[in-house]
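# Report on the structure
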Amino acid sequence: MTMNFLNPVTTQTWANGRHLVRCVKIIQETWDVRTFCFMAEQPILFFFKPGQFVTLELEINGEQVMRSYTISSSPSVPYSFSITVKRIPGGKVSNWLHDNFQVNDELAVHGPVGNFNAIDYPADKLLLLSGGVGITPLMSIARWFFDTNAAVDIEFVHSARTPKDVIFHRELEHIFSRIPDFRLHIVCERGDDLGEAWSGFRGFLNQPMLELMAPDFMEREIFCCGPEPYMNAVKSLLRSNGFDMSRYHDESFGATPAQVQEDVLELAEQAESEAEDLEVTDMLGVEFALTGKSVRIHPGDTVHNAAAKLGLHIPKACGMGICGTCKVTLLEGEVDMEHNGGITDEDEAAGEILSCCSKPRGNVVVEF
């Protein structure tokens, strides 16, 4: 063990702004819904308020496009975050992400922002109401309370078109099977007519259903997300019962908010200007000797990021220089390595480096 092991973990904390992230996993949730998981090359603590959203900065067919998506993961898993995207017929961004975006692809993300969250409105009893892909911010909230063993009483009511459209179904059942004060209710608009067995609630959410599922709904803090007609129906139901609407919170899926859009454009232009100011000669070459591949990277990029740009997979478990999984041999050149105990002095003397936290000082050659 070296003294480096005792150093604080070299991380940054996520703050609202522009960050480059890389896709590390894609999960097919349902037939038309995918979850995209992201991490930063240099570790960032992605802390946010469960329920908040980010804005993706994309280039589609030569056009800059921005789109906001709620974070579906929980800040209790701090070194990554996920968005969950439903393929929308004719949807420019959702279809492009499903058809083109792959593991190891990078993009710029802005955020996190948003007033819809469970932190700013603390309550002992919650009612989470979601329709379709509107489940994403409520899933973040449910995961947060589950992971933190919060003493909260939750009724979660989710509406989907059919049983095969229930997003996160198995995980929801797992979560709600382990905590008595968490109760799950799923409503499917259609079931048997499609040849799919369904023994739960059918049709559209209405007051008799809600009274069966959450008879004390008038006493709960309510968080709602889904299509506009769904949320309008929920608000109408609550108002007709005299519900205190200051305890009702909703999030709608619409265009990126104007203020967020302005901030994104300003930061994107700033990043583009900085990139133009960086001469090609200022970039650094990283060569991987065994594969014969090489790439030029910006100063400050890591060896691991260079490999990812070439589609080379250097195994990595922690991403912050603790586990030692990403160790490779440096054949030529020098790097700045800020690790946290994942490599011994003997390994360093033998030319070993941890690719996740090694930034080339100049051109380098790596044995990989």
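Remember, predicted model here, so these are calculated numbers, not experimental data.

On to the pattern of salt bridges, then. Scanning the model with the defined rule gives 19 salt bridges in all. Close ionic contact of K49 with D120 constitutes a salt bridge, the shortest N to O distance being 3.0 Å. Remark: D120 occurs in the loop between strand 8 (106-113) and strand 9 (125-131) and K49 occurs in the loop between strand 4 (44-45) and strand 5 (53-60); sequence separation between them is 71 residues. Accessibility expressed as a relative area gives 39% for D120, which makes it partly exposed. Close ionic contact of D153 with R220 constitutes a salt bridge, the shortest N to O distance being 2.8 Å. Of this pair, D153 sits in strand 10 (residues 153-160) while R220 sits in the loop between helix 4 (207-213) and strand 13 (221-225); the two residues are 67 residues apart in sequence, bridging distant segments of the chain.

What follows covers the pairing of strand 8. Counting buried positions along strand 8 yields seven of eight residues, so the element is predominantly enclosed. Bridge analysis of strand 5 against strand 8 gives four bridges, and the strand direction is antiparallel. Opposite T55, over in strand 8, you have H110 as the bridge partner.

On to the packing of helix 2 (residues 135-147) against helix 3 (residues 169-178). Where helix 2 meets helix 3, the closest approach of the two axes is 11 Å, and the angle between their N-to-C directions is 35 degrees. Between helix 2 and helix 3 the crossing geometry is left-handed. For the pair helix 2 and helix 3, contact is made by I135, M139, R143 and F146 and by E171, L172, H174, I175 and R178, respectively. Here the contact of helix 2 with helix 3 is composed, by residue class, of five nonpolar, one polar and three charged.

For the α-helix, the turn length of 3.6 residues means that residues three or four positions removed from each other point alike. Listed as buried for helix 1 (residues 92-100) are V93, S94, N95, L97 and H98. Looking at the buried positions of helix 1, the neighbouring elements they touch are strand 3 (33-39), strand 5, strand 6 (63-70) and strand 7 (81-86).

So, about the sheet that holds strand 10. Strand order in the open sheet made by the six strands is 12-11-10-9-13-14, with parallel pairing throughout. Here the strands that pair on one side only, and so sit at the sheet edges, are strand 12 (201-202) and strand 14 (248-251). Its contacts with the sheet place helix 2 against strand 9, strand 10, strand 11 (182-188) and strand 13, and it is angled at close to 145 degrees to strand 9.

Here a disulfide denotes a covalent bond joining the sulfur atom of one cysteine to the sulfur atom of another. The tally for this structure, following the rule as stated, stands at zero disulfides. Here C23 is not disulfide-linked; the sulfur of C37 is the nearest cysteine sulfur, at 6.9 Å.

Among the secondary structure elements, M213 is positioned in helix 4. For M213, a relative accessible area of 3% translates into the label buried. Put simply, M213 and I186 are 27 residues apart on the chain and 9.8 Å apart in space, counted from C-alpha to C-alpha. Once residues lying within four places of it in the same chain are set aside, the contact partners of M213 are E155, V157, H185, V187, F201 and L205.

Analysis parameters
Residues numbered from 1 in each chain as written. Predicted model: local features only at pLDDT ≥ 70, side-chain atom pairs only at ≥ 80, totals over all residues. Heavy atoms only, no water. Salt bridge = Lys/Arg side-chain N within 4 Å of Asp/Glu carboxyl O. Helix = DSSP H or I, 4+ residues; strand = E, 2+ residues; numbered from the N terminus. Buried < 20%, exposed > 50% of the residue type's maximum accessible area, 1.4 Å probe, protein only. Pairing = 2+ DSSP bridges. Axes fitted to C-alpha atoms, helices over the stretch in contact; angles between N-to-C directions. Left-handed = near helix turned anticlockwise from the far one by under 90°. Contact = heavy atoms within 4.5 Å. Nonpolar A, V, L, I, M, F, W, Y, C, P; charged D, E, K, R; others polar. Disulfide = S-S within 2.5 Å.

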